[in-house]
Amino acid sequence: MSPPNKIVLIGFMASGKSAVAKLLAPQLGWNAHHLDDDIVSKSGLPSVAAIFKEHGEGFFRDLESSVALSLQETQRVVIATGGGIITRASNIEALKSNGGIVVYLRTSFETITQRAGDTSSRPLFSDRASALQLYMKRLPIYESFADIIVDTDDRSEEEVCTEVLHRVEPLLCR
Ligand code: S3P
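Quick summary incoming for the structure in this document.

### Observations concerning the side chain of Ser43
Inspection of the secondary structure assignment puts Ser43 in helix 2 (residues 35-43). Looking at Ser43, its side chain comes within polar contact range of the main-chain oxygen of Val40, at 2.7 Å.

### Focus: the nonpolar core
With 34 residues, the main nonpolar core has Ile10, Phe12, Ile85 and Phe125 as its most contacted residues. Here this core gets five residues from one element, more than from any other, and that element is helix 7 (residues 128-145). One finds Leu9, Leu24, Val78 and Val160 within the second-largest nonpolar core, a separate group that totals 21 residues.

### Some thoughts on the layout of surface pockets
Reported here for the largest pocket is a volume of approximately 610 Å³. Met13, Ala14, Lys17, Asp36 and Arg122 are the residues nearest the centre of the largest pocket, which is lined by 32 residues in total. Those elements that place two or more of their residues in the lining of the largest pocket are helix 1 (17-28), helix 2, helix 3 (48-55), helix 4 (57-70), helix 6 (109-116) and helix 8 (157-168). Grouping the amino acids of the lining of the largest pocket by side-chain chemistry returns eleven nonpolar, eleven polar and ten charged.

### Digging into the packing of helix 6 against helix 7
Contact geometry for helix 6 and helix 7: axes closest at 11 Å, N-to-C directions at 130°. The pairing of helix 6 with helix 7 is recorded here as oblique in orientation. In this structure, helix 6 crosses over helix 7, and the sense of that crossing is right-handed. Here helix 6 contributes Phe109, Ile112 and Thr113 to the contact with helix 7, which in turn contributes Arg128, Ala131, Leu132 and Tyr135.

### Some words on unusual backbone geometry
One non-glycine residue, Arg76, lies in the positive phi region at around 55°. By secondary structure assignment, the location of Arg76 is in the loop between helix 4 and strand 3 (77-80).

### A few points about the packing of aromatic side chains
Given two aromatic rings, one states the distance between the centres and the angle between the planes to describe the pair. Across all of its chains, the model carries six aromatic pairs by this definition. Ring geometry for Phe12 and Tyr135: centres 5.3 Å apart, planes at 85°, overall edge-to-face. Linking Phe12 in the loop between strand 1 (6-10) and helix 1 with Tyr135 in helix 7, this pair joins segments that are 123 residues apart in sequence. The two residues Phe12 and Tyr135 agree in class, both being buried. Taken together, the ring pairs in this structure connect Phe12, Phe109, Phe125 and Tyr135 into an aromatic cluster.

### Side note on the site of the ligand
The ligand sits among 13 residues. The nearest are Lys17, Arg61, Gly83, Arg122 and Arg138. In this structure, an oxygen atom belonging to the ligand sits 2.7 Å away from a side-chain N or O atom of Arg138. Summarising the interface, the protein chains cover 96% of the accessible area of the ligand, which totals 380 Å² for the free molecule. One can see that the ligand is located within the largest pocket. Residue classes in the shell around the ligand are distributed as five nonpolar, three polar and five charged.

Rules used in this analysis
- Residues numbered from 1 in each chain as written.
- Predicted model: local features only at pLDDT ≥ 70, side-chain atom pairs only at ≥ 80, totals over all residues.
- Heavy atoms only, no water.
- Helix = DSSP H or I, 4+ residues; strand = E, 2+ residues; numbered from the N terminus.
- Polar contact = N/O pair within 3.5 Å; in protein donor to acceptor, adjacent residues only side chain to side chain.
- Core = buried A, V, L, I, M, F, W, Y, C linked by side-chain atoms within 4.5 Å.
- Buried < 20%, exposed > 50% of the residue type's maximum accessible area, 1.4 Å probe, protein only.
- 1 Å grid on protein atoms, 1.4 Å probe; cavity = no way out; pocket = protein on both sides within 12 Å on 5 of 7 lines; lining within 4 Å.
- Points joined across faces, edges and corners; volume = space filled by probe spheres on them.
- Nonpolar A, V, L, I, M, F, W, Y, C, P; charged D, E, K, R; others polar.
- Axes fitted to C-alpha atoms, helices over the stretch in contact; angles between N-to-C directions.
- Parallel < 35°, antiparallel > 145°, perpendicular 65-115°, else oblique.
- Left-handed = near helix turned anticlockwise from the far one by under 90°.
- Contact = heavy atoms within 4.5 Å.
- Phe/Tyr/Trp six-rings, centres within 6.5 Å; stacked < 30°, edge-to-face > 60°.
- Near = heavy atom within 4 Å.
- Areas by Shrake-Rupley, 256 points an atom, 1.4 Å probe, with all protein chains shown as cover.
- Sits in = over half its atoms within 2 Å of the grid points.

Structure (structure tokens):
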């Protein structure tokens, strides 16, 4: 088994994955990577919302899987995934292989709705009721894939980052 060399942040939309990746990566001397940015670049379209609008969710998921696979060998990186990365187990297998540690940023739905703000850039957060349904469905899946779970309610991004660092640092080969 490869020594841990990659941190993969998972969690529902607006759980703070991107912000924590950006704070955490420099503290490790690693790079931060945002999976949605790669998907958007690969699509040639301007945004995630545009991909969903032009081609639908299936097309987005295929791009997401191919980007996840392309990061399989990447090392010394903190990856902020999109909330739906767990819809395909093969995505997590790819990101976990070669030393990926999966950290779930667990956040209550109440906090998610407070943090989400303007949801127009998030096609799967069009209304509260369907977002809640998706949240309930995904919750056990995030937990099942997590190597480490960090709760984020009532905590700043800095506090979450500090806990992630404390929990993963003993496992890392640096
Ligand atoms: C999605 C989450 C989004 C983005 C896309 C689909 C999801 O990322 O990948 O809109 O299925 O939960 P964030 O979790 O960064 O909002």
